[in-house]
Amino acid sequence: MGIILVVAVLITPGCTARLLTDRFDRMLLIATASSVLASCLGVYVSFFIDGDTGPCIVLAQATMFAGALVWKHHRLR
């Protein structure tokens, strides 16, 4: 289970940033900001629901990725 969470934490911010921009410098900033935001949000949520921190962080990242995917889909229309 731990390896799956580590892979998700490594891959999801980059994929989210790639959906939002094509420029590499912006991609680095967006990936860093999304991972920091997801980490803070995941820790905050896990504290209040008394859950594990790792899966909460991954769920926050997955939610950001889904939001970026929906945003890009609507932007292309």
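A brief report on the enclosed structure follows.

Thresholds, definitions, all that
Residues numbered from 1 in each chain as written. Predicted model: local features only at pLDDT ≥ 70, side-chain atom pairs only at ≥ 80, totals over all residues. Heavy atoms only, no water. Helix = DSSP H or I, 4+ residues; strand = E, 2+ residues; numbered from the N terminus. Buried < 20%, exposed > 50% of the residue type's maximum accessible area, 1.4 Å probe, protein only. Salt bridge = Lys/Arg side-chain N within 4 Å of Asp/Glu carboxyl O. Contact = heavy atoms within 4.5 Å. Polar contact = N/O pair within 3.5 Å; in protein donor to acceptor, adjacent residues only side chain to side chain.

**Observations regarding the overall build of the protein**
Thought 1: Each helix and strand in the protein was counted, giving 3 helices and 0 strands.
Thought 2: Ordered by position from N to C terminus, the α and β elements of the protein give α-α-α.
Thought 3: By its C-alpha atoms, the protein is 40 × 20 × 20 Å across when sized along the principal axes.
Thought 4: Evaluated residue by residue, the protein yields a buried proportion of 27% over its 77 residues.

**Section: the pattern of salt bridges**
Thought 1: Within the structure shown, the criterion is met by 2 salt bridges.
Thought 2: The salt bridge involving Arg18 is made with Asp22; its shortest N-O contact spans 2.5 Å.
Thought 3: Between Asp25 and Arg23 there is a salt bridge, with the nearest N and O atoms lying 3.2 Å from each other.
Thought 4: On the basis of relative accessible area, Arg23 is assigned to the partly exposed category, the value being 44%.

**Thoughts on unusual backbone geometry**
Thought 1: One non-glycine residue, Asp50, lies in positive phi territory at about 55°.
Thought 2: When you line up the elements, Asp50 lands in the loop between α2 (24–49) and α3 (53–75).

**Topic: the side chain of Thr12**
Thought 1: When you line up the elements, Thr12 lands in helix α1 (residues 2–20).
Thought 2: By relative accessible area, Thr12 is classed as buried at 15%.
Thought 3: Setting aside residues up to four positions removed in sequence, Thr12 forms contacts with Gln61, Ala62 and Phe65.

**Comments concerning the environment of Arg18**
Thought 1: Residue position: Arg18 is located in helix α1.
Thought 2: Between the C-alpha atoms of Arg18 and Lys72, which are 54 residues apart in sequence, the distance is 10 Å.
Thought 3: A polar atom in the side chain of Arg18 sits 2.5 Å from the side chain of Asp22.

All we've got here are geometric facts, nothing functional implied.
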